[in-house]
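Understanding the architecture of this molecule
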Amino acid sequence: MHNFIGSKFKANCRQLFAAISVNLVTFSFGVYTGWSSTVAPMLKDPKQTPLDHVMTDNSISWACSWGMLSAILGTFFWGMLADNFGRKATGFLTMLPYLISWIILLVVKTETALMVSRFLGGLGASGAAINCPMFVGEVSDEAMKAGLGSLFILMYNIGVLYVYVFGVMVDYTYLNVACLAISLLFMVVWMYVPESPIFLIQKKRMDEARRSLMWFRGKDNDKEVSDEIDSLMRHSDQTNKATLADYKKRGTVKALLIGLVFQAGTQFSGINIILMYTVDIFQNSGSNMSPHSCTILVGVVQVIGSAVATLTVHRAGRKFFLMVTYGITALALITIGSCFYVNKVNPSINTGILPVFSLSVHVIAFSLGLGMVPYIIYTEVFPANVRNICMSMLMFFNNVLGFAIIKAYPSLSDALHISGCFWMFGAVCLAVVPYTYLFVPETKDKTYDEIRRELLLWFPDRRHKNKAAAVDKEAVVNQADVGAGNVVVVEANEMKVCMGKDQSCFTAPQCARDNVK
C-alpha cells in the first residue's frame, strides 16, 4: 500500500512537472499576445516610442495580426514535425521563434524589425496550440488528464498577466528582457522531460516507450506498465500510421466539425481583440478608471478564473462548462457593447466599474470553459494517429479566422461602431450554446471506445432507444455468400474483420473469400 501511494505521488509530480514545462511555451504565447496591448500606446506616442518613428493605427493592427498570418503557415508543418521528429524536439523548435523574436526586439528598434519579430512569434503560437495539449494528453493518466489539460489556458493567462505587470513597471527594453527570460528557462527545463510514450510506440521504439511510461507513471520496472503498453498496442488507431480512410471515418469527421465550431466560437468571443486592445478598449468605454490599472485587474481576474478552472474542470461535464460559459460570455459581450453605445450617445455618462466588471466576467468565463475545455476534448475525440493533422487543420482554420477578425477590427469599428462589434461577438457565442447541447458528446469519465461510439451519432444525447441499443451492441454481424464459401463480416466502431468458413480472420472480404476457396 505504501509503495502504491509513493509511486502514485511520484507519478503525479512528474506529470505535473512535464505539463508545466511544456506549457512554458504556452506561457510565452500569452506573453506574446499581451505584449501589443502593453506597448501599443507607447509606440503611438512621439515622446515615448522607442522606435525610429511613431506607428500609426494601421501599423499597430498589422503588428497584432502578423502573428495570426504566420500561425497559418505554422499549421502546415508543426503536426508533421511532431509526428516525424517527436514531441520533445518539436517543443524546442516551437520555443525557438519566440527566443529569436525577443532578441530582435532588443537589438533592432525599427518598425520593420518589430513586424518581423511579431511574424516569428506567430509561428510559435500555432506550435504551442498544436503540440502542448497533445503532449499533455499523451503523458497524463486518466485521473490527471483534465486538470493537467487545463494548464494550457492557465499558463497562457499567467503569461498575459506577466507582460501586463512588467509593461507598467519597466521600460521597453527591460520588458523584452523579461520576455526573453521565459524562453531561456524553457530551453533548460525541457531537457529533463522524456519523450511521449505514444510517439515512441508509433515509431516501434518499445524499450524507450517502456522507460518513458515508467517515468511518467512513477514505476520502478517495465512489468508494472505492461498492461498500459498492451492497451495502447491493442488500439491500432492509437499507434499505427493514419491512412486517408482514417480521416474519412464518421467519428473523425464529426470530431472535426465540432472542433471547427469551437474554434470559431473562440475567435468570435473577441478574446484576441480584448487582450491586444485592452488599454484602448478601456479608454473608449466611458469609465474614469485608469486604463492600465483596469488592464492589470483584468489580467489578475483571468488568472484566477483559469486557476479555478484547473481545480474544478474534473468535477463537472465538459458540455456543462461549455454551455454555461458560452452563455455568460455572450451576456458579458453584449453588456460591454452597451457601455460603448452609451458612451457614443452621451460621452458625459460615467459607466464606472461596469466595463471592468463585464470584461472580468468575460475572461473568467473564457478561462473556465471555451478557452480551455475544447483542447481537453480534442485529446479525447481524436485518435492519436490522426490527432496531429486534425489539430493542424483546426489551428489553420482558427488562425485564418483570427487574422481576419484582428485585421478587420479597426474597419469594423468604424462601420458598425465598437458597440456593434461586441454585440456581433455576443450573438455568435449565444448561437454556440444550442449547438453544443445537440451535437457534442459528453466525454468526461468515458473510455476511448465509449467516446468513439458516441461520435457515430449526430445527436448523442437525444438518440432513440432503438438506435442506442444498436450502437451499444458494438457490432453488427452480417452473413454474406461469397463464391465458394461464406464470409462473416463483423463491423464494430468503424472497424471491419472478415472471417472465413474455416474461422481464419482477415481485414478484407476478398482475403476471406480466397482463403475459403
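Everything numeric in this text was worked out from a predicted model, so none of it was measured.

**Digging into the overall build of the protein**
Secondary structure summary: the protein contains 25 helices and four strands in total. Counting over 517 residues, the protein shows a buried share of 56%. Across the protein, every contact between residues at least 6 apart in sequence was considered, and the portion connecting residues at least 24 apart equals 76%.

**Quick notes on unusual backbone geometry**
Backbone geometry places K204, a non-glycine residue, at a positive phi of 60 degrees. Assignment of secondary structure puts K204 in the loop between α10 (197-202) and α11 (206-217). Although it is not a glycine, H417 sits at a positive phi angle of roughly 70 degrees. Among the structural elements, H417 can be located in helix α22 (residues 384-439).

**Quick word on a nonpolar patch on the surface**
A surface patch of nonpolar side chains, about 470 Å² in accessible area, is lined by V253, L257, L260, F397, W458 and F459. Mapped onto the secondary structure, L257 falls in helix α15 (residues 250-268).

**Structural notes on the pattern of salt bridges**
Scanning the entire structure with this criterion turns up six salt bridges. We note a salt bridge from D83 to R87, for which the minimum N-O separation is 3.5 Å. Look at D83 and you get partly exposed, because its relative accessible area is 22%. Among the salt bridges present, the one from R87 reaches E138, with a minimum N-O distance of 2.7 Å. Of this pair, R87 sits in helix α5 (residues 87-107) while E138 sits in helix α6 (residues 111-139), and the two are 51 residues apart along the sequence. By relative accessible area, which is 0% here, R87 ends up buried. By sharing partners, the salt bridges in this structure join D83, R87, E138 and R387 into a single network.

**Focus on the environment of R14**
Relative to the assigned elements, R14 resides in helix α1 (residues 2-22). Taking the C-alpha atoms as reference, R14 lies 8.0 Å from R217; in sequence the two are 203 residues apart.

**Things to note about helix α21 (residues 373-381)**
Burial analysis of α21 places nine of its nine residues in the buried class, the great majority of the element. Those residues of α21 that sit buried are V373, P374, Y375, I376, I377, Y378, T379, E380 and V381.

**Here we look at the confidence of the model for the protein**
Looking at the protein, pLDDT values average 80 and 82% of them are 70 or higher. Within the model, pLDDT remains below 50 along residues 464-496, and this stretch shows 60 contacts once partners closer than five positions in the same chain are excluded. Scored below 50 in pLDDT, residues 506-517 shows 23 contacts in the model against residues more than four places distant or in partner chains.

**Some remarks on the environment of S183**
Mapped onto the elements, S183 comes out in helix α9 (residues 172-189). Classification of S183 as buried rests on a relative accessible area of 0%. Put simply, S183 and W102 are 81 residues apart on the chain and 9.0 Å apart in space, counted from C-alpha to C-alpha. Sequence-distant contacts of S183, defined by excluding residues within four places in its chain, comprise S28, M95, Y98, L99 and W102.

**Some words on the packing of helix α4 (residues 78-85) against α6**
Here α4 crosses α6 at 45 degrees, and the two axes come no closer than 9 Å. Looking at the two axes, α4 sits oblique to α6. Judged by the sense of rotation from one axis to the other, the crossing of α4 with α6 is right-handed. Touching W78, G79 and A82 of α4 are L123, S126, G127, I130, N131 and M134, all from α6.

**Here's the deal with the nonpolar core**
W35, L114, F262 and F422 are the most contacted members of the largest nonpolar core, which totals 118 residues. With 17 residues, the top contributor of residues to this core is α22. Among all residues touching L114, those that are not within four sequence positions of it are W35, L43, L51, M55, A63, L105 and Y172.

**Some words on the packing of aromatic side chains**
Under the criterion given, the structure shown has 24 aromatic pairs. An angle of 20 degrees between the planes, with centres 5.5 Å apart, marks the rings of F186 and W190 as stacked. Taking relative accessible area as the criterion, F186 reaches 0% and is therefore assigned buried. On the basis of relative accessibility, which here comes to 0%, the residue W190 falls in the buried class. Relative to Y378, the ring of Y375 has its centre 5.6 Å away and its plane inclined at 75 degrees; by these criteria the two rings are edge-to-face. Of this pair, Y375 and Y378 both sit in helix α21, three residues apart, roughly one helical turn. Grouping residues by exposure puts Y375 and Y378 together as buried. One aromatic cluster is present, built from ring pairs that chain together F92, F135, F186, W190, W215 and F216. Between K88 and the ring centre of W190, over which it is positioned, the NZ or CZ distance is 5.5 Å. R118 extends its terminal NZ or CZ atom over the ring of Y32, reaching a point 3.9 Å from the ring centre.

Rules behind the numbers
- Residues numbered from 1 in each chain as written.
- Predicted model: local features only at pLDDT ≥ 70, side-chain atom pairs only at ≥ 80, totals over all residues.
- Heavy atoms only, no water.
- Helix = DSSP H or I, 4+ residues; strand = E, 2+ residues; numbered from the N terminus.
- Buried < 20%, exposed > 50% of the residue type's maximum accessible area, 1.4 Å probe, protein only.
- Contact = heavy atoms within 4.5 Å.
- Patch = residues over 30% accessible without salt bridge, like charges linked within 9 Å, V, L, I, M, F, W, Y side chains within 5 Å.
- Areas by Shrake-Rupley, 256 points an atom, 1.4 Å probe, with all protein chains shown as cover.
- Salt bridge = Lys/Arg side-chain N within 4 Å of Asp/Glu carboxyl O.
- pLDDT = per-residue confidence, 0-100.
- Axes fitted to C-alpha atoms, helices over the stretch in contact; angles between N-to-C directions.
- Parallel < 35°, antiparallel > 145°, perpendicular 65-115°, else oblique.
- Left-handed = near helix turned anticlockwise from the far one by under 90°.
- Core = buried A, V, L, I, M, F, W, Y, C linked by side-chain atoms within 4.5 Å.
- Phe/Tyr/Trp six-rings, centres within 6.5 Å; stacked < 30°, edge-to-face > 60°.
- Lys NZ or Arg CZ within 6 Å of the ring centre and 35° of its normal.

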